[in-house]
Every structure is written in structure tokens, then in C-alpha cells.
Amino acid sequence: MTERRGWTHLLFVLPFLAVYLWLLVYPLLTGVSLSLHRANLFGGATFIGLENYTRLFRDATFRQALGNTVLFVALCVPVLVTVALALALALNRAGRFAAALRSIVFASSVLSVTVMTIVWRQVLTVDGGLLSHVAQGVGARPLAFLSDPHLVLPSLVLITVWWSLGLPMILFLSALQQIPRSVYEAAALDRATPWSVFRHVTLPALTPALLLVIAYECALQFQLFGQPQLLTQGGPNGASRPMVLYIYETGFNHWDVGYAAAASQILFALILVVALVPQLARRLWGRA
Amino acid sequence: MPSAPALEFRNVAKVFDGLRLFDDLSFGIGKGEFFVILGPSGCGKTTLLRLIAGLESVDGGDILLHGAPIHNVAPGDRGVAMVFQDYALYPHMSVADNLAFGLRNARVPADEISRRINDAARALAIEPFLDRKPGKLSGGQQQRVALARALVRRPDLLLMDEPLSSLDPALRLRTRRELAHISKTLAATTVMVTHDQVEAMTLASRIMVMHEHRIQQIGTPLEIFMRPANVFVAQFVGATPMNVLAGNLRQTARGKAGFDLDGTLIATAIKHPGLPESPSWRLGLRAEDITLTAPDAGQIRATVGFVERLGEQSWVHVVLGDGREVVATQTGVSQYSDGDAVGLSFDGARAHLFDADGMAYHADVS
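About the thresholds
- Residues numbered from 1 in each chain as written.
- Chains lettered and ligands numbered in written order.
- Predicted model: local features only at pLDDT ≥ 70, side-chain atom pairs only at ≥ 80, totals over all residues.
- Heavy atoms only, no water.
- Helix = DSSP H or I, 4+ residues; strand = E, 2+ residues; numbered from the N terminus.
- Buried < 20%, exposed > 50% of the residue type's maximum accessible area, 1.4 Å probe, protein only.
- Contact = heavy atoms within 4.5 Å.
- Areas by Shrake-Rupley, 256 points an atom, 1.4 Å probe, with all protein chains shown as cover.
- Lys, Arg positive; Asp, Glu negative; His and termini not counted.
- Charge placed at Lys NZ, Arg CZ, Asp CG, Glu CD.
- Expected span 1.5 Å × (residues − 1).
- Arc of directions from axis to C-beta.
- Phe/Tyr/Trp six-rings, centres within 6.5 Å; stacked < 30°, edge-to-face > 60°.
- Lys NZ or Arg CZ within 6 Å of the ring centre and 35° of its normal.
- Domains from an automatic or database assignment.
- Buried area = accessible area lost by both parts, 1.4 Å probe.
- Core = buried A, V, L, I, M, F, W, Y, C linked by side-chain atoms within 4.5 Å.
- Salt bridge = Lys/Arg side-chain N within 4 Å of Asp/Glu carboxyl O.
- Polar contact = N/O pair within 3.5 Å; in protein donor to acceptor, adjacent residues only side chain to side chain.
- Pairing = 2+ DSSP bridges.

1. Things to note about the overall build of chain B
Argument step 1. Along the backbone of chain B there are eight helices and 21 strands.
Argument step 2. Once the C-alpha set of chain B is aligned to its principal axes, its extents read approximately 75 × 45 × 40 Å.
Argument step 3. Counting every position in chain B, which comprises 366 residues, the buried fraction comes to 53%.
Argument step 4. Counting only contacts in chain B whose residues sit at least 6 apart along the sequence, the fraction spanning at least 24 positions is 64%.
Argument step 5. Accessible surface computed for chain B: about 16,400 Å², of which carbon and sulfur atoms make up 50%.
Argument step 6. The distance from the centre of the 37 positive side-chain charges to the centre of the 41 negative ones in chain B is 6 Å.

Quick look at the structure:
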């Protein structure tokens, strides 16, 4: 009886399991295997051990892409989380005005990366962009947001934050609405200052959502691709080339699939570690 | 009312969504009183409590605590503490931190904080849970923590919003008795809101009955029960609502009011000359003041409709000849069944009269 029930259970997870094994686990393992071969898109693979990996660490272009990606995540995620949290706190109230603003903030997330980059090109481009018009209007020299090596990554951070705010804000809002109003009233009677209320009532209630958003956004932003591919093609001089763009170019422009697969494994390991850190932190503190 | 009021409402008004919720509300509470605001849901009693706490703003009049106006003072600076209906404990703090939070914010010295926490924890038997989070406690334990959190503040006024309503019936009874005991030892001036008349009757030194945002009556539990101010209070207070029957008023030989119920004269102990003119009158009699007899031994004949057997007593619903229903109490388990013919005997000396506006008139206390 128990055994039969065990099999029935398996039957229910089978559709998911099949898709998972076929479309995720199998390609993952294929990728690992590919990274140990010299292979190109036309077939023909030679086993070369870890040579692709050692080659990667001598490859200045790869090191630049790795650095760009880490810097982008380190800039983007903190800004994104802070702004989304601030917006959620500000818009966590009844009323038509707050509801309208919530929709407006969320609206940008609905745009595809293509539409979003077209819009931002109109804003950021040096010749005839919205911001250069503004700069000329006040008599300043227009900034080359997309062609200055020092400005290009921060510009990508800016447009990515603008594009991605919606989901973290909604997650924070739903966590905020779980906190009963009476707890805030009790805090008011307990003479708590606004900071103290935030520190001791709001923030602890938000911690699970906060850790989730950080892990999710890290994993997502490590995969930065569309924005630089469409806006800068990785330029100038590779200053905005992230790892995924590097992998794409290596695999599909240079047909060096084994080498690209090795770079993919490094990205995968990086994302895995970063996504697990908040979970580990949560275990260690034993709170939230 | 006892001499100088600790808390006083003077002509307080409150507007809600353009609706005048309270208009000209005035009453006072003496120092050390356990004052219970009793009323059905939506009568405005919780709003009243929130006005005192400062969680709602006042739209007119004054609220004074020990003679000083407090309605423009921030909630935390009023010297009031509150036990919320859902307890509103800080979920991410230990019980001890829950108690300490308000004291730390008020810059009470650390040794004083730990002394007060220990005192309150001992009084309310929550010492074993001081290190636990509220989520790990039962409803009754959370309730005691909420009370302890309010008491460590040493408030001038303790407010309680339906503090027992989230507990299951057995725990509610036990906690109610603990609360009665604690409030006696603390002698803190307390305002409690409830819709449960048993809580009000057993805990209060005085009760204020509210209905539709108006004060119906303020008095001791016995006054409220024995001399209700109007039909609403008479029917709201009591284990089963008071029987109220329409009929005609007569004067009896001894100057008392008699009540003609379908040709049966019920002699009351209420003086007839003192009664005002009224287009109609109603008689009020509690179920325990109506006795069931053999069909022809009572003042009036009736038929048993249905019986509620509570164990120690039964409520027998009987139908009069004209279809009106009356509830009579029988001690023990009633043997009547539906459709039985019975007689009713009314204890007129304990009857109340209500005029057309619902105002009540009682026999003089001898």
C-alpha cells in the first residue's frame, strides 16, 4: 500500500521532473562536458581537460568582462534594492495617488529590453539625446554616457534600475502589508521614533523579502546581456562588455563553443555562490 | 461619580467620513476605577478608546487626564498604555524586549527596566517565556504579555480593547478571573471596551452602555441590571433579553401602575402618579421573574414554543394567545416539550415600564 502510494506521488511530479531533467540538468551536464573539449559549432570535439579554463584566466578580454559584470552587480543590486524599498515604504498607503504611482513604477517592468533600450538611447545619446539637449540648454558640455568608458557602466546601472524596480517594489509592498496596523499603533504608544519603528518593526518583517530580492536580483543581474548588446555592443573598448555578451561573442561569432562553455561554467558558479549567500546568512543568524 | 475625575470627556465630537460619529460626548472616570464601555459591534466604543489613546483625532471638545487636556498630545506622551484586541506584540522581539521597548524609548534606566519587567513577569506568570518570541506563545500567554507590556509603563490610564475576545471560551473565563484579580491588586485606572456583558458585569466598577454612538447609561453593574435606563439597556444586559410587551396602563387602588396585558392585570410596584403622559406603554420583565405553572394556575395561559436547556437552568419560550413570545426561566432541566399548555405567573413587583420613547421607569428602592 505504502509502496503503491509512493509510485503515485512520483507520477504527479513526473511531468515537471521530465522537463527539468531534459531542459535543465541535461544541458547543464552537456555544458560541463563541452567546457572540457576544444569544440566548434560545426562539430568535432577534442578532449583537452582544463585547458579552456587556464586559457580563460590568461585572457584579458575575459578578465575585463568578469570585472565589468562584478562591478555592474555590485553597483546595480544595492541601488535597486534601496530605491525599491524606499518606493515601497513611500507608496504603502491607501489612496488613488499612491495606487497610480505604484502602477507607473511597475509599468517600466512590462517593457521588453528592446523597447526599453530604444527609449533610453533617445535620452542618453550624445548627438541629439534628451540629456545632451538639457546640458546644452544650461550651457554645459553634454556627457557621452554611452561612449565614455567611465560613464558607460553607471549608465547601464541607471537604466537597469529604472527597468527592474517594479518586481522588488511589489515584493516589498506585499511584505509591508503583512504587518498589522495595530503593531505600529502599539509602537506609537511606546513612544518609538520613526527610525526606531523602521529598525525594530518594519525591517525585521521585511528581512525574508529583502534576502529573497537580493538573491534573485544578483542572479538576474549577473546575466546582464540585452542592454549592452543593444546599446553599446560592449564598447567602448570592452568597457561595457559583461560575461554573457563575452560568452555569446565567443560561441556564436568565433564559433569556439568549448571555450564559451567554460566561461559559462564560471558564470554559473559565481551566480550559485552569490545566490546562496543570503540563504546562508539567514541560517547563521537564525532569525527572520 | 467619585470626586475628581481621572479622565474626563467634555463635549467630545468625532467626525468620520463626513458622518458625525460622536456629538457632545461627556462623562468622567474616577481614579482607580475599572470602567467598562459596553455595547454591540459598531456602537463606537472602540473609536472612543482610540480617541483616549490618541490613535484617532478629536474633532471637538476636550479630553482631560487628571485635569490636563491630552487630546493634542502625542499618543506616547499621554501617560496611557493599551492592550490591543489582537495584542499587537512586536513579532521579532523576545517577550522581554517587547516589555522593554517602550521603557527604553522613554529613557528609563536599564536597572529600573529589568526591575519592572521582573515585577510584571512575576505578577502575570510570564517569567518562563521572557526569552521567547510572541509567535511561540499560546493566545492566553500572548494576552498576558500584552497586559504586562502595558503595565510596565506604569500608565496613568490603562486601556483595553476587547482583550479577551480572541481567546477560546474556557480560556476566556480563566483569563477574565485572572484579570479581575490583577486589576484589584493593581488598582490602576482602567478603561476596557467589550461587547460581552458578562465581562462587563464581572469586571467593572462602573459600566457605560453605548448604542449607535450614544451613551445609553452609566452606572454600577447592579444599577445597569436592576434599573436599566431604557429598553435598549434592558434588553442588552442580561443572560437572555428582557421580555418587553405592549399593553395598556391602569392605576391600581394603592396608587401603583397596573399593566393590562390582554385583559390580565399585572400589578407593578411603580408609582402611577410619577409617570409622564405617553401614547403607549410597554412592560419589561426578565425571564427569571416569570414562573411557569399548571395551565389554569397562572395569570395567563400559553403554549410552549421551544425550550433551551442550559443545564443549571432552562429558557422556556412560550407563545401567548395573540402570538407574542415570552421567555421564562425554569431552574434545572425543563421537562416541557413543544406544544405543552402552561400557565404564566408574573412577578409584577419586579416589573419595569417603558414609555413610547423607550425610557424606563422602575419601582422605588425600599
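2. Observations concerning helix H5 (residues 169–186) of chain B
All names here are of chain B.
Argument step 1. With 18 residues, H5 should cover 26 Å at 1.5 Å per step; its first-to-last C-alpha distance of 25 Å lies within 8% of that length.
Argument step 2. For H5, the set of buried residues is Leu-171, Thr-175, Arg-176, Leu-179, Ile-182 and Ser-183. All buried residues of H5 lie within an arc of 135° about the axis, which places them on one face of the element. Looking at H5, the residues exposed on the side facing more than 90 degrees away from the buried face are Ala-170, Arg-177, His-181, Lys-184 and Thr-185.
Argument step 3. Buried residues along H5 sit against strand S3 (34–38), helix H4 (139–151), strand S7 (157–161), strand S8 (190–194) and helix H6 (197–203).
Argument step 4. Phi turns positive, to about 55°, at Ala-187, one or two residues after H5.

3. What to know about the packing of aromatic side chains
Argument step 1. Inspection of every chain in the model, using the stated rule, returns twelve aromatic pairs over all chains.
Argument step 2. Ring centres of Phe-27 of chain B and Phe-35 of chain B lie 5.7 Å apart, and the angle between their planes is 5°; this geometry places the pair in the stacked category. The same class applies to Phe-27 of chain B as to Phe-35 of chain B, namely buried.
Argument step 3. Taken together, the ring pairs in this structure connect Phe-57, Phe-62 and Tyr-246 of chain A into an aromatic cluster.
Argument step 4. Its guanidinium or amino end placed over the ring of Tyr-259 of chain A, Arg-55 of chain A lies 3.5 Å from that ring's centre, counting from NZ or CZ.

4. Considerations on the domain arrangement of chain B
A common way to report how large an interface is uses the accessible area buried once the components associate.
Residues and elements named next belong to chain B.
Argument step 1. Domains assigned within chain B are domain 1 (5–236) and domain 2 (243–361).
Argument step 2. One C-alpha centre belongs to domain 1, the other to domain 2, and the line joining them spans 38 Å.
Argument step 3. Contact between domain 1 and domain 2 buries roughly 740 Å² in total, counting both sides, with carbon and sulfur atoms accounting for 57%.
Argument step 4. Together, Phe-225, Val-231 and Ala-234 form the three largest contributors to the area buried by domain 1 at its contact with domain 2, with a combined 53%.

5. Describing the environment of Pro-78 of chain A
Argument step 1. The topology assignment puts Pro-78 of chain A in helix H3 (residues 60–91).
Argument step 2. Put simply, Pro-78 of chain A and Glu-217 of chain A are 139 residues apart on the chain and 9.6 Å apart in space, counted from C-alpha to C-alpha.

6. A look at the nonpolar core
Argument step 1. The biggest cluster of nonpolar side chains holds 92 residues, and the ones touching the most others in it are Phe-172 of chain A together with Leu-7, Phe-9, Leu-48, Leu-159 and Val-191 of chain B.
Argument step 2. Considering each element in turn, this core owes the most residues, twelve residues, to H3 of chain A.
Argument step 3. What Phe-172 of chain A contacts, discounting residues up to four positions off in sequence, is Val-81, Ala-84, Leu-85, Ala-88, Leu-206, Ala-209, Leu-210 and Val-213 of chain A.

7. Examining the interface of chain B and chain A
Argument step 1. Taken together, the contact between chain B and chain A spans 21 residues of the former and 17 residues of the latter.
Argument step 2. Around 1,700 Å² of area is buried between chain B and chain A when both sides are counted, 60% of it from carbon and sulfur atoms.
Argument step 3. Broken down residue by residue, the surface that chain B buries against chain A is led by Tyr-90, His-92 and Phe-101 of chain B, which jointly contribute 28%.
Argument step 4. If you look at where chain B meets chain A, you find three salt bridges.
Argument step 5. With a closest N to O distance of 2.6 Å, Glu-185 of chain A and Arg-50 of chain B form a salt bridge.
Argument step 6. At the boundary of chain B and chain A, one finds eleven residue pairs in polar contact (both at pLDDT 80 or more).
Argument step 7. Of the residues forming the side of chain B that touches chain A, the biggest block, three residues, is contributed by helix H2 (residues 95–105) of chain B.

8. Quick word on the side chain of Glu-199 of chain B
All names here are of chain B.
Argument step 1. By the element assignment, Glu-199 lies in helix H6.
Argument step 2. Although Glu-199 is buried, it forms no salt bridge, and the closest oppositely charged side chain is Arg-172 at an N-O distance of 4.8 Å.
Argument step 3. Setting aside its immediate chain neighbours within four residues, Glu-199 contacts Leu-164, Arg-172, Arg-176, Met-192, Thr-194 and Ala-204.

9. What about the pairing of strand S19 (residues 341–346) of chain B?
Residues and elements named next belong to chain B.
Argument step 1. Here four bridges tie strand S15 (residues 290–293) to S19, and the two strands are oriented antiparallel to one another. Among the inter-strand pairings, Thr-291 is bridged to a residue of S19, identified as Ser-345.
Argument step 2. Pairing geometry for strand S16 (residues 300–309) and S19, over four bridges, is antiparallel. When the sheet's bridge partners are listed, Ile-300 is paired in S19 with Leu-344.

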